[in-house]
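# Structure at a glance
Take a look at the letters that make up each chain.
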Amino acid sequence: MGMRVAEVGVGELVKAGLSMEEAQEFERILKAAVGGARGSDPSEVWREVVARRVLSPSHPHGLHQLVFNSVYAEWDESTRGPPLYWFPSLYESQHTNLGRLMETYGPRLLGLSYKDPITSHSLFQKFSVQNLEVYWSMVLKELSVLFHRAPRCILDTTDKSKHGGTWLPGAVLNIAECCLLPVSYPRKHDNSLAVVWRDEGNDDSPVNQMTLKELREQVMLVANALDATFTKGDAIAIDMPMTVYAVIIYLAIVLAGFVVVSIADSFAAKEIATRLRVSKAKGIFTQDFIVRRGRKFPLYSRVVEAAPHKVILLPAIGKDVNVQLREQDLSWKDFLSRADHLPRPNYYSPVYQPIDAVTNILFSSGTTGDPKAIPWTQVSPIRSAADAWAQSNIQVGDVLCWPTNLGWVMGPSILYASFLTGAALALYHGSPLDRGFGKFVQDAGVSILGTVPSLVKTWKNTGCMEGLDWTKIKSFASTGETSNVDDDLWLSSRAHYKPIIECCGGTELASSYIQGSMLQPQAFGAFSTTAMTTGFVILDENGVPYPDDQPCVGEVGLFPLIMGATDWLLNADHEEIYFKGMPMYKGMHLRRHGDIIKRTVGGYFVVQGRADDTMNLGGIKTSSVEIERVCDKADESILESAAISTAPLNGGPEMLVVFVVLKKGYNCEPDELKMKFSKAIQRNLNPLFKVSFVKIVPEFPRTASNKILRRVLRDQIKHELSVRSRI
């Protein structure tokens, strides 16, 4: 137990980084806040400290740590759940998207049990699970979804072979057109701000802006050029940073009735080739180089090594590409000129398709062999945007920034989340790890900032964001891996303790299944609610669900009726991956997600890892098998390897640990292997992965059928780490 807040004196405050004078003044203000709190409950004291702005973003992080930890020094998580740092006010809650919906329909739908958006949140969430059609018919009206032909109904469950039902049957539309047209509600007009961006290195120039009309005309120009280059229905890949051009290309491919193939710009040539093969892509958009921190990294040459049919090449800098093209490839300039002959090159008539037409092929790491190719239909973007609307409260006039790539699910997600709600999308053409990115967040007036935990850790540890003004931020969002509590404390404090909305879901769900919420108190690194309309149970070792209100740890079993979730895969057996071996519950065949989660006292959720042996490195899911395959070949001394990941004791991004059994007669140093493994993994899998440590063992623990028990190895490492930390 640490020091209580009443015991914090000038000495401690000076140690935390204040001068003597500042410490005396701060002590006075802190004591007044503690005295002014409603009662002595830690959460009331913290609420008062935040309300009075006792702490500011310019204070040293050590001071924020000292105050938060001393306020909650006597808090017992085992009886009270995680300590809370953010609390919604009634007024704020009524002006959120979801709160407004609840105030309008709550009394009618929930009768006398409806009180207000905060009190009735979990009641309304349960109602949405039991009344999917009612909820979705309300929310569809809140997004700029325009049907060319309206659906017959919201959900049709007559086809029993489809566990997830058929959503919006009979609907015909073009979801890219929905992003581009002005609508009266949500209020989007031609001169509304659609995209803001800045190139790395131009930190002192004004931020670039594009209106909805300008975006639409650019997209339509590209759509015309696509028609002159490809055949209807072709799959076309995008492998480049998420620039304004990448966003235009993405929307144009969908507007013109083609299919986007999402490939992350960090992949090695072999990984690119696999994705082109699985998707049968007929072409690929890429850049000559990726520019990061002033250095140029070749991208075109890496893409060409994957032998695509046709490349359309954009310059990273300037107007002209700086490399020699293959004969069949086109420069961006020459590609666009293919629309020159048209009377109206900036006008395009959208290709309307059934709701279940595939618009995007995304990839997730398979446990063996090829990555799973996941089709997104036109329902997936609606689901994704509706989630952002409800949980992150994205509204007209917001500026959303979330550094990611179109190769990961967050890329398409934030694109649709902005353009279907009437918000602007903010894009930084450069590395999000440096101050230049943070200055862009400040200058672009970002109001919702999305992150991944490893990014936040870097910002905090390097101090690169000191002195920037992030106070326009209304909320943060975080996904991809488990958050570290102290890193989150730092992040939230940058904007006077705004909430960090945690999201956890999957590419194949087009959404999150657990999230934070603007209608509930929030705890660092925890999820406060199940997503709207989503239901799940937590299963014990025997596949039996725990009671809904009981704190527990186990594997998630999702209710199968999930709008936007996949019901097939391009290259794998959907039934086998998501349903086979999952139990029935109240007449429903539960859907597998693969997460092990913990439900705390007070009903918060914390993700504990994966049920299978996929791991999460820097927000990228990969499998033990993929890593082991590379490590086994990295040195002749290796008989076999077993890769596991483990979270550091104080939370945060997972560390990669490789266990090794050596061949007879070989001797090797763990550190030497660590270097060789890291190099091989970076070359063959992903340049962002690194091995944290290597452990040489005589043999691996195995099951009766000879499968390696990675769980046992994981527990071994956890034990070793905790012993080390005590030494």
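The structure we're discussing is the one just above.
Description of the structure in this document. (Residues numbered from 1 in each chain as written. Predicted model: local features only at pLDDT ≥ 70, side-chain atom pairs only at ≥ 80, totals over all residues. Heavy atoms only, no water.)

## Thoughts on the pattern of salt bridges
Counted under the stated rule, the structure contains 29 salt bridges. Two residues, Arg 52 and Glu 48, come together in a salt bridge whose shortest N-O distance is 2.7 Å. Taken together, the shared-partner salt bridges connect Arg 198, Asp 204, Lys 439 and Asp 443 into one network. (Salt bridge = Lys/Arg side-chain N within 4 Å of Asp/Glu carboxyl O.)

## So, the packing of helix H8 (residues 121-130) against helix H9 (residues 132-140)
When two helices pack together, their arrangement is given by the angle between the helix axes and by the axis-to-axis distance. Running from N to C, H8 and H9 point in directions that differ by 105°, and their axes come no closer than 5 Å. Judged by the angle between their axes, H8 and H9 are roughly perpendicular. Residues Phe 124, Phe 127, Ser 128, Val 129 and Gln 130 of H8 pack against Leu 132, Val 134, Tyr 135 and Met 138 of H9. Of the residues belonging to the contact of H8 with H9, the class tally is seven nonpolar, two polar and no charged. (Axes fitted to C-alpha atoms, helices over the stretch in contact; angles between N-to-C directions. Helix = DSSP H or I, 4+ residues; strand = E, 2+ residues; numbered from the N terminus. Parallel < 35°, antiparallel > 145°, perpendicular 65-115°, else oblique. Contact = heavy atoms within 4.5 Å. Nonpolar A, V, L, I, M, F, W, Y, C, P; charged D, E, K, R; others polar.)

## Considering the pairing of strand E20 (residues 475-478)
Here E20 shows no split at all, with Ser 475 and Ala 477 on one side and Phe 476 and Ser 478 on the other all buried. Examined bridge by bridge, strand E19 (residues 448-451) and E20 share four bridges and lie parallel to one another. If you follow Ile 448 over to E20, its bridge partner there is Ser 475. Taken together, E19, helix H19 (residues 453-462) and E20 form a β-α-β motif whose crossover is right-handed. Pairing of E20 with strand E21 (residues 500-506) involves three bridges; the strand directions are parallel. Following the sheet pairing, Ala 477 is matched in E21 by Ile 501. (Buried < 20%, exposed > 50% of the residue type's maximum accessible area, 1.4 Å probe, protein only. Pairing = 2+ DSSP bridges. Right-handed = clockwise from strand over helix to strand, strands pointing away.)

## Quick notes on the packing of aromatic side chains
Tallied over the full model, the rule gives 23 aromatic pairs. Their ring planes at 55° and their centres at 5.1 Å tell us that Phe 68 and Tyr 72 sit as a pair that is tilted. Neither residue differs from the other here; Phe 68 and Tyr 72 are each classed as buried. An aromatic cluster is defined as three or more aromatic residues linked by ring pairs; in this entry it consists of Trp 46, Phe 68, Tyr 72, Trp 75, Tyr 85, Tyr 497 and Phe 524. The residue whose ring lies beneath Arg 275 is Phe 267, and the NZ or CZ to ring-centre distance is 4.0 Å. A cation sits over an aromatic face here: Arg 344 above Tyr 347, 4.3 Å from the ring centre. (Phe/Tyr/Trp six-rings, centres within 6.5 Å; stacked < 30°, edge-to-face > 60°. Lys NZ or Arg CZ within 6 Å of the ring centre and 35° of its normal.)

## What to know about the environment of Asp 288
Structurally, Asp 288 is set in the loop between strand E9 (283-287) and strand E10 (289-292). Counting along the chain gives twelve residues from Asp 288 to Tyr 300, while the straight-line C-alpha distance between them is 4.7 Å. Excluding anything up to four places from it in sequence, Asp 288 contacts Pro 298, Leu 299, Tyr 300, Leu 313, Leu 314, Pro 315, Ala 316, Val 321, Asn 322 and Val 323. Looking at Asp 288, its side chain comes within polar contact range of the main-chain nitrogen of Asn 322, at 3.2 Å. (Polar contact = N/O pair within 3.5 Å; in protein donor to acceptor, adjacent residues only side chain to side chain.)

## A few points about the pairing of strand E5 (residues 193-199)
Most of E5 sits inside the fold, with five of its seven residues counted as buried. With four bridges joining them, E5 and strand E6 (residues 208-211) adopt antiparallel strand pairing. Paired with Val 196 across the strands is Gln 209, a residue of E6. As judged from the five bridges shared by E5 and strand E18 (residues 424-429), these two strands associate in the parallel manner. Within E18, the position partnered with Val 195 by the bridge is Leu 425.

## Considerations on the sheet that holds strand E35 (residues 691-696)
Reading across from one edge, E33-E34-E35 is the order of the three strands in this open sheet, with mixed pairing throughout. The open sheet terminates on both sides in strands that have one partner only, identified here as strand E33 (638-646) and E35. The average undirected angle you get between the axes of adjacent strands in this sheet is 25°. Contacts from helix H22 (residues 624-632) reach E33 and strand E34 (655-662), with the element oriented near 145° to E33. Seen against the sheet, helix H23 (residues 670-684) touches E33, E34 and E35 and runs at an angle of roughly 130° to E35.

## Points about the side chain of Asp 329
Along the chain, the position of Asp 329 falls in the loop between strand E12 (311-314) and strand E13 (330-331). A residue is classified by how much of its surface remains accessible, and Asp 329, at 7% relative accessible area, is buried. In this structure the side chain of Asp 329 is engaged in a polar contact, spanning 2.9 Å, whose partner is the backbone nitrogen of Val 311. Apart from residues no more than four positions distant in its own chain, Asp 329 is found in contact with Tyr 300, Val 304, Lys 310 and Val 311.

## Observations concerning the packing of helix H11 (residues 212-227) against helix H12 (residues 244-255)
Relative orientation of the contacting elements H11 and H12 amounts to 60°, with a least axis distance of 8 Å. Classified by the angle their axes make, H11 and H12 are oblique. For the crossing formed where H11 meets H12, the hand is right-handed. Note on element contacts: H12 touches H11 through Ile 248, Ile 249, Leu 251, Ala 252, Ile 253 and Leu 255, opposite Leu 215, Gln 218, Val 219, Met 220, Val 222, Ala 223 and Leu 226. Residues belonging to the contact of H11 with H12 are distributed by class as follows: twelve nonpolar, one polar and no charged. (Left-handed = near helix turned anticlockwise from the far one by under 90°.)

## Quick look at the state of the cysteines
Scanning the model with the defined rule gives zero disulfides in all. Counting only cysteine sulfurs, Cys 504 is the nearest neighbor of Cys 503, a cysteine outside any disulfide, at a range of 8.9 Å. Accessibility expressed as a relative area gives 13% for Cys 503, which makes it buried. (Disulfide = S-S within 2.5 Å.)

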